[in-house]
Each structure stands twice: as C-alpha cells, then as structure tokens.
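# Geometric and topological summary
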Amino acid sequence: MRIYKKAAAAALALALAASSAPGARAYSLPYTDVDQSHWAYEDILYVSQWDILGGRTETGFCPDEPLTRAEYVETLAGLAHAGLDRYPGSEFTDVEETAPYAAAANWAFRQGVVDGVGEGKFDPEGAITREQMAAMSHRFYKVMGIHYGGEIDEVPYTDKEQIHDWALDAVRAMYTSGIMKGRETGAFDPQANVTRAETAAIARRIYLDVEDY
C-alpha cells in the first residue's frame, strides 16, 4: 500500500510538473481563496483535480469554513464510486428527496456508513465534528472491505476522555493509519468542526487507499 501511495504521489507530481512546462496547459485551481502558501494547497489541488471535493462556488473553495455532514457523505460516495442513481428517495425526515445530496445520504445510510443523529434525522447542513468524521470514515473502510490501521489499546491524545464511546474504535483506527491526525497540542479535539481544507487532506489519504485496494 505504501509503495502505491508513493507511486501515486509521484505520478501526480510528475503530471503537475509536466502541465507547468513551457507550452503546456497547466492545471490550476479555479479558486481565488487558495494560493500556494496555504498549508493544504497540494491537498486541495489534488481533490479538485480528481473531482473528490469541489468548491462551494465556482471561484471559492472556502478552505477554512466547516464542512457539512452532507458534503462529507457526498465525498465518501464519490470515493466509493457509488452508483447514486440506485438510491432514490430519502431515508431521513430532514432530507428532501430533491436535495443534491439526498442520494449520497441514502447510500451512506443503506451501506451502514451513517445512522443519522436520532429521530430519523441526518442534520445535513450541520457541521461535521472530528469524531463524526472518524466514525464515518471508519465505517466507510469497513464497507469497502479495506483493512487499515493497527491494534492499539489507547490513543495517546490528552483529551481522549472527551471522545464518545461510539467513536473510540474509529479514532484508534484513524490514529494508527494516519488518516486523521491530532492537534499539535497533543489533543484530538473530538467535538471540533472539520474545515474543508482539513477534509481535503483526509480525503486525499482515503482516495489513495481506495485506489490501491
């Protein structure tokens, strides 16, 4: 897996280098709010180029804004190459059948990637938290049949007691695999929102695992 990841990363680097050569048509981000100095520039470039995660507008990626739960199920459905035309209707009372993310939410529910927030609701416009993203990602790996991560009794995060029981296994797997990383302070910050830039980095790592498998 690691060899493939290095090869994939190298291939992308070569592609980008070739596209920036004299006379070539370079791929460039269409977003005016992300420049090369941004810490997640390469991740955003990657997910944008491969249509993994798009912007909120034609010219705005909104890297520092919180990602919504709807946006993440759309991202995971895209990573799974799910045939969303097979998931009509709505499994949740707060998701309109005509919503652009309805099919992705249906896919995620029927595949066991999400189970909603209770009372038949999904909270599609709610900002996704770090532990929610860990849980969804962990279930996604299981659904895809991808083995990842390693065994560990406890995560080394200073705030591990704040992680809900339903997310503990997922956070352990995210930690051992390197898919999601903690803060520089040593905390996981489980209830914090995930930004769109952070999601770009995470989605890029998941994409490489999916393509490798």
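Residues numbered from 1 in each chain as written. Predicted model: local features only at pLDDT ≥ 70, side-chain atom pairs only at ≥ 80, totals over all residues. Heavy atoms only, no water.

### Observations concerning the overall build of the chain
Each helix and strand in the chain was counted, giving seven helices and zero strands. The 213 residues of the chain split such that 46% are buried. Of all intrachain contacts in the chain linking residues separated by at least 6 positions in sequence, the fraction that spans at least 24 positions is 72%. (Helix = DSSP H or I, 4+ residues; strand = E, 2+ residues; numbered from the N terminus. Buried < 20%, exposed > 50% of the residue type's maximum accessible area, 1.4 Å probe, protein only. Contact = heavy atoms within 4.5 Å.)

### Focus on the environment of Gly112
Along the chain, Gly112 turns up in the loop between α4 (102-111) and α5 (130-144). For the pair Gly112 and Lys142, spaced 30 residues apart in the sequence, the C-alpha separation amounts to 9.2 Å.

### Topic: the packing of aromatic side chains
Applying the stated criterion to the full structure yields nine aromatic pairs. Consider the rings of Tyr31 and Phe61, whose centres lie 5.4 Å apart with planes at 50 degrees: the pair is tilted. Of this pair, Tyr31 sits in the loop between α1 (2-19) and α2 (41-49) while Phe61 sits in the loop between α2 and α3 (69-79), and the two are 30 residues apart along the sequence. The exposure classification of Tyr31 matches that of Phe61, with both residues buried. (Phe/Tyr/Trp six-rings, centres within 6.5 Å; stacked < 30°, edge-to-face > 60°.)

### Brief notes about the side chain of Thr129
Along the chain, the position of Thr129 falls in the loop between α4 and α5. Here the side chain of Thr129 touches Gln132 through a polar contact of 3.2 Å, landing on its backbone nitrogen. Contacts of Thr129, omitting those with residues within four sequence positions, involve Pro190, Gln191, Ala192, Asn193 and Val194. (Polar contact = N/O pair within 3.5 Å; in protein donor to acceptor, adjacent residues only side chain to side chain.)

### Here's the deal with the confidence of the model for the chain
Residues with a pLDDT of 70 or more make up 88% of the chain, whose mean pLDDT is 89. The model gives residues 1-11 a pLDDT under 50, and that stretch makes 10 contacts with residues more than four places away or in other chains. (pLDDT = per-residue confidence, 0-100.)

### Some points on the pattern of salt bridges
Summed over all chains, the structure comprises nine salt bridges. Here Arg56 makes a salt bridge to Glu65, at a shortest N to O gap of 2.4 Å. Glu71 is paired through a salt bridge with Arg56; the nearest N and O atoms lie 2.8 Å apart. Of this pair, Glu71 sits in helix α3 while Arg56 sits in the loop between α2 and α3; the two residues are 15 residues apart in sequence, bridging distant segments of the chain. When its relative accessible area of 15% is taken as the criterion, Glu71 is described as buried. On the basis of relative accessibility, which here comes to 31%, the residue Arg56 falls in the partly exposed class. If you follow the salt bridges from partner to partner, you end up with Arg56, Glu65, Glu71 and Arg196 in one network. (Salt bridge = Lys/Arg side-chain N within 4 Å of Asp/Glu carboxyl O.)

### With respect to helix α6 (residues 165-177)
Residues Ala167, Ala170, Val171, Ala173, Met174 and Ser177 constitute the buried set of α6. For α6, the angular spread of the buried residues around the axis is 160 degrees, confining them to a single face. Exposed and oriented more than 90 degrees from the buried face of α6 are Asp165 and Asp169. Remark: Gly178 follows α6 within two positions and exhibits a positive phi of approximately 80 degrees. (Arc of directions from axis to C-beta.)

### What to know about the side chain of Glu71
At a separation of 2.9 Å, a polar atom in the side chain of Glu71 contacts the side chain of Arg196. Beyond its immediate stretch of four places on either side in the chain, Glu71 contacts Arg56, Pro66 and Arg196.

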